Amino acid sequence: MLVNGRTGTRVFHERVHRMTHQDSIRQLVSDLEHRRLDRRAFVQRAGALGLSARATAMMLGAMGVATPAVAMTAAAQEPGGAMTRAVTTDPETLDPHMTSNGSAWTVFTTIYSSLVYQDIDLTFKGLLADSWEISEDNLELTFVLKDGVTFHDGSVCDAEAVKYTFERLAAVGAKNPLYEMAQALTVEVIDPLTVKFIFEEPNAAFFNAISGGYGGIFAPEATEAAGDDYGRQPVGTNAFKLKDWQTGSLVTLESFPETVAVEGYFENQGAPYIEELSFKVIPETFAQVASLETGEVDAAELTATDLPRFENNDQYEILTSTDAELGYLGLTRIRPLMSDPNVRKAIAHAINRDEIVNTIFEGGLAEPAYTPLPPSVPGYDESLVELSPQYDVEAAKALLEEAGWVEGDDGIREKDGERLAPSLYTTTATTSGQLATLIQAQLRLAGIEVEINQLEVAALLDFTPKGEHDMLLLSWGWSDPDVLYLFLSTDRMETSNRVHYSNPDFDALLVEGQQTMDQEARMAVYLEAQKILLEDLPWVPLYMPITKLAVAKRVQGAQVFPTGGLLLNDAWIDD
Amino acid sequence: MARYIINRLFQAVIVLIGVSIAVAAMTEFVPGDPALAILGENASPDAIAALREEMGFDDPFWVQYGRFIERLLTEGSLGTSLRTNREVLVEIGDRLPYTLMLTFGAVGLSTVLGITSGILAAVRRGKPTDMAVLVGTTAGLSVPSFWVALLMIWFFSIRLGWLPVAGAGTWQHLVLPTLTLALPSIATKSRLTRSAMLEALGQDYIRTGRAKGLRERRVILVHALRNALLPVMTIVGLQFGALLGGAFITEVIFGWPGVGQLAVNSILQRDFPVVQGTVLLVTVGFVLTNLIVDILYAWADPRIHYA
Amino acid sequence: MSSTTASLANAPTTDTGLNHAARTPRAMYWRRFRRNPLCITGALLLALLMFLAAFGHLLAPHDPILVNTADRFIAPGAQYFFGTDEFGRDIFSRILYGARIAVQVGIVSVVVAFVGGIVLGLISGYYSGWIDTILSRLLEIWLSFPDILFVIAVVAILGPSLNNVIVALGFLSIPAYARIVRGSVMSARQEVYVEAARSVGVSNARIMGRHILPNVVAPLIILSSLRFGGALLTGAGLSFIGLGAQPPEPEWGAILSGGRTYMYQAPWITVFPGIAIAVFVLGINMLGDGLRDVLDPRLTR
């Protein structure tokens, strides 16, 4: 599943007591061992404890739990009722080929389904596909589709639809993250239920890419008939279909009674119990949370400051997910101030991640991140943590001394008459400003004077290719380790490689990672790649955000995917 | 009069062309590649290049402007939004009713409150009431509107539970955003009414009226107020024109789907066709309301005549 | 604020009465000023703001930008009069330091608008004819141009800083000033003494400077006092969008906007800067209003 790239994270709040946290995990594992918990309850609680999907999956695997759980409270699950969720922006369009908007993703993932889905143990299972075969050379992938799947308009989801979808994606989908992949791909219809994908090169990230809404399958006739207006008349195969859309205000979906392709982690393998699902556009977080309190919406993401109020309120259930996202401090090596490895290492030592997490995320809505791939992204390896420079101001000072930067009269270091005053660029989001403020204060203790510049996102993205920034404070969201290619490869120097990092050895590993189909071997490649990064330090990893979604108690049985995404097929309304 | 109006409309067209050229030229200076802004962080260089090519972003702004004018004249279209692929006119049309609701609400409320409090202040000139009106209305002009909006949500929606926080659809949804927008403009109207009333009350015909034994209420409401309305009308016109462009902060806080959010989000995401469309809307609004006010002026005050 | 300006810009221009109001106009205005409670209250508040801008940093008990995460969200009390924010910074000290920024925002934006407005307004009003037509249309285009797009462009070209934003704000108010000046000039131009001066061959520049300019000063002073407050509010609005002061600058609008996430947990972060902005803008508006009474002859009866 591709997680939509978020540029500004929210501000959050919760105090997790580290001691009890450890204890809770121990308790959780013990409960699981003694089968006091079913798989779903376990996943839910693991999520609540902030465990990554990977960790959760590993624990489940270790415990040998694989069977689906028994229904929790079957009695009350009657179809009917409506729920409303708050979103930050208007979805703009519900044509997944034409947008990269975050709210659009939230909405269209409930409308479309793709060939495969990612299960909670992070493996891929068939959704619209029944089974598949991969050729010896990894260049051909043949899917057999499920029989009897229909689109919202009644047409049949067949091999032609799959071919049509990927050809349309390659033609018009420039805004869709799978655009490039679709262009390097040929799709052949073998028979109505068999479709073959032919690749130019092996693509290890393929399943991850096509799972989720961005890889949703389109109904050819309905799409062609709607023409330019398709974004307003989406037709998919998933549990909800579009009913009404008040531009900029409210998108209303209704349940699709003929839903047949349902992810295996749901109890309910048919149409959802909830009859109407609305997304209400509320840009200001304060107003979102206020709407939750007045009952105008049933679900909203919490900010850190609100957490205590909601967690102690039995009117709400808090669903926790760990986003496949990393906040980082980029160091632009091509800049004179940042070219010295000792300076970069000193900066990494001067960063106090615990203070960042406890201050800006109030200890609840982020975890410290020490590695270029955080624990929520495959490729994370715990052994890397100790290679990452730890918080140690004295070590930072010593490294700077060694590099020839000596303390001046005002405590700021100087060398040959030049002050150690790097410029830091970030977005105008509130959280970015707060992070910048705290990092400025932390680096000040090592004798570095950071000059903060906030630019609105469009201007910032246009500015970074010029390479005039010493430091960059940004975050990315992506659930495949190939993200390193996107942001740090020499190929992307002109665009998304915003820290102007280039290392041929690293580049070679990235290509290897893209083409290694064996997952274990692939992760070993990314382990090596990350070792290089922790040595070169183009990024100082800072934090991994956690999302806490508060759901009013009238909505029962809602869950979130461990890396984010509200799961509603088992949910029902209890008024 | 007809000639005057035609002349004014002709000049309005010139202003519209000027504004649209200025906006088009600005796209050249404002950093931020629309293709990049739309595709976002994860976009590949190829995808960006493809979109730039498709949209013609690489052409100089006058070439792009030429295409814009050509499309406008031949198809009557302002182009399509880069974010939603819908017609700019449709995008604006979806939001205009909400902006009009809010505009009429805010202008109406502030005008009623402004004139009433202004009359009160004039009649009680120098008394505590006068001072209270002044401080009260000026206070509304002195606080940052987003602060007032947040405090009102906290008080009216959360504490009292009287009004919804965000959204649109019922009259209840309209109340808080209307109040937020009306508050700052009450003071101006109140002060204008007060001084115009004071001036009018000193005029000979008012004294005559009083001497003739007309009831005080009639003197104030009919004779004095009529004079006071002219300057207030000017303000109403300008405020109306300005609010047609939307009230971004108020709309954001109350989740109100108006033109303001559309305009600012389009600027931030470099959706230039929509920016162009919303700016033209504001300009048309300004020009028309100014014209209407001027005509009303001529109609209400025969001393003014136009060459 | 824009509506206030507009009222002045479009109010029917009358002779301000500076030339034939009293034998010693200055004395008369001073007397009216002293007797006007608005003027006195407003002037006192403005004086307080100026004082804080000049000496606030000496009164501040703490470093306004010192991050001290051990003292986060401390409620107002003896140690921190106005409490602390999410970084443990002293709100009281931040507000004191912010006074200087507030004055800077007000003055710079008003001066830019004042100077630009006078030049354009004088030219437009005095020459009339095609110059006036062109300038008037130009000003209308200027007024219709979206403020945020302009601010974004300025920030992008000159770099993100509060100073650049202030200058941009001043630039955006030029049309309001120009329209007032133009109106006043057009009515003054008809006066007998101007005709007389022109007939004896006094140069245009001299006529403008000596005879016409004094007539427009009064409405401009009033407008400026109102704009001064308006600039503070607009600055706060820009902070809400994220364009404006760069952290950790203690600009009032930025403190207010940054604290809105903590309205439940630490209401003092927003309450105190909110009050600071409201009180001083109120004071400046009162002064402007009072000045209108003092300088407007119609109200003397």
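For clarity, every value in this text was computed on a predicted model and none was experimentally measured. The residue numbers shown here count from 1 along each chain, following its written sequence. Here the convention is simple: chains get letters from A, ligands get numbers from 1, in the order in which they are written. Given that this is a predicted model, residues contribute local features only at a pLDDT of at least 70 and side-chain atom pairs are listed and counted only at 80 or more, while totals for whole chains, interfaces and linings are drawn from all residues. The basis for every side-chain value is the complete set of non-hydrogen atoms in the structure, without hydrogens or water.

**Focus on the nonpolar core**
(1) Moving on: In this structure, A:Leu329, A:Trp476, A:Leu484 and C:Trp252 are the most contacted members of the largest nonpolar core, which totals 188 residues.
(2) Moving on: Residue contacts are defined here by distance: any two heavy atoms, one from each residue, within 4.5 Å place the two residues in contact. Discounting chain neighbours no more than four positions away, the residues touching C:Trp252 are C:Leu49, C:Arg94, C:Ile95, C:Gly98, C:Ala99, C:Ala102, C:Pro273, C:Ala276, C:Ile277 and C:Phe280.
(3) Moving on: Here, nonpolar core means buried Ala, Val, Leu, Ile, Met, Phe, Trp, Tyr and Cys residues that are tied together by side-chain atoms lying within 4.5 Å of each other. Here the term buried applies to any residue with accessible area under 20% of the maximum for its type, exposed to any over 50%, and partly exposed to those in between, with areas from a 1.4 Å probe on protein chains only. By size, the runner-up hydrophobic cluster in this structure holds 76 residues, among which are A:Ala104, A:Tyr112, A:Leu128 and A:Ile217.

**Thoughts on the sheet that holds strand S16 (residues 413-415) of chain A**
Residue and element names in this part refer to chain A.
(1) Moving on: Should DSSP find at least two bridges between two strands, the strands are taken to pair. Every helix listed is a DSSP run of H or I at least four residues long, and every strand listed is a run of E at least two residues long, numbered separately from the N terminus. On the basis of which strands lie adjacent, the open sheet formed by three strands has the order S15-S16-S17 and antiparallel pairing. Each having just a single partner strand, strand S15 (406-407) and strand S17 (418-419) make up the two edges of the open sheet.
(2) Moving on: Here S15 runs beside S16; their pairing, made up of two bridges, is antiparallel. By the bridge assignment, Val 406 is partnered in S16 with Glu 414.

**Regarding the interface of chain A and chain B**
(1) Moving on: At the junction of the two partners, chain A supplies 45 residues and chain B supplies 45 residues.
(2) Moving on: Two parts placed together each lose some accessible area under a 1.4 Å probe, and adding up what both lose gives the buried area. With both sides pooled, the region where chain A packs onto chain B buries about 3600 Å², and carbon together with sulfur makes up 56% of that total.
(3) Moving on: Sorting the residues of chain A by area buried against chain B places A:Glu92, A:Lys175 and A:Thr247 first, and these three jointly supply 16% of that buried surface.
(4) Moving on: Throughout this description, the term salt bridge denotes a Lys or Arg side-chain nitrogen within 4 Å of a carboxyl oxygen of Asp or Glu. Seen at the junction of chain A and chain B, the total is two salt bridges.
(5) Moving on: With a shortest N-O distance of 2.6 Å, A:Glu456 and B:Arg270 are connected by a salt bridge.

**Brief notes about the pairing of strand S4 (residues 129-134) of chain A**
Residue and element names in this part refer to chain A.
(1) Moving on: Two strands pair when backbone bridges link them, and S4 and strand S5 (residues 140-145) are joined in this way by five bridges, in the antiparallel orientation. Paired with Ile 134 across the two strands is Leu 141, which belongs to S5.
(2) Moving on: In this antiparallel pair of consecutive strands, S4 and S5, the connection spans five residues, and Asn 138 shows a positive phi of 65°.

**Some thoughts on the sheet that holds S4(A)**
All names here are of chain A.
(1) Moving on: One open sheet holds the four strands; their spatial order is S4-S5-S7-S6, and the pairing between them is antiparallel. Each edge of the sheet is formed by a strand with only one pairing partner; in this case those strands are S4 and strand S6 (185-191). This sheet shows a mean twist of 20° between the axes of neighbouring strands, independent of strand direction.
(2) Moving on: Contacts between helix H5 (residues 159-172) and the sheet are confined to S5, S6 and strand S7 (194-199), with S6 contributing the most and set at about 170° to the helix. For helices, the fitted axis covers only the stretch in contact; all axes are lines through C-alpha atoms, and the angles between them, taken along N-to-C directions, range from 0 to 180 degrees.

**Thoughts on the domain arrangement of chain B**
Residues and elements named next belong to chain B.
(1) Moving on: Where each domain begins and ends follows an automated or database-derived domain assignment. Per the domain assignment, the segments making up chain B are domain 1 (2-75) and domain 2 (91-306).
(2) Moving on: The interface is formed by 19 residues belonging to domain 1 together with 16 residues belonging to domain 2.
(3) Moving on: Overall, the association of domain 1 and domain 2 removes approximately 1600 Å² of surface from exposure, summing both partners, and the carbon and sulfur fraction of that is 78%.
(4) Moving on: For domain 1, the biggest contributors to the area lost against domain 2 are Tyr 4, Arg 8 and Leu 16; these three give 30% of the whole.
(5) Moving on: At the junction of domain 1 with domain 2, the criterion picks out zero salt bridges.
(6) Moving on: Contributions of two or more residues to the side of domain 1 that touches domain 2 are made by helix H1 (2-29) and helix H2 (34-39).
(7) Moving on: A total of 12 residues in the side of domain 1 that touches domain 2 trace back to one element, the largest contributor, which is H1.
(8) Moving on: Of the residues assigned to the side of domain 1 that touches domain 2, the class counts are 15 nonpolar, three polar and one charged. Amino acids are sorted into nonpolar (Ala, Val, Leu, Ile, Met, Phe, Trp, Tyr, Cys and Pro), charged (Asp, Glu, Lys and Arg) and polar (every other residue, Gly among them).

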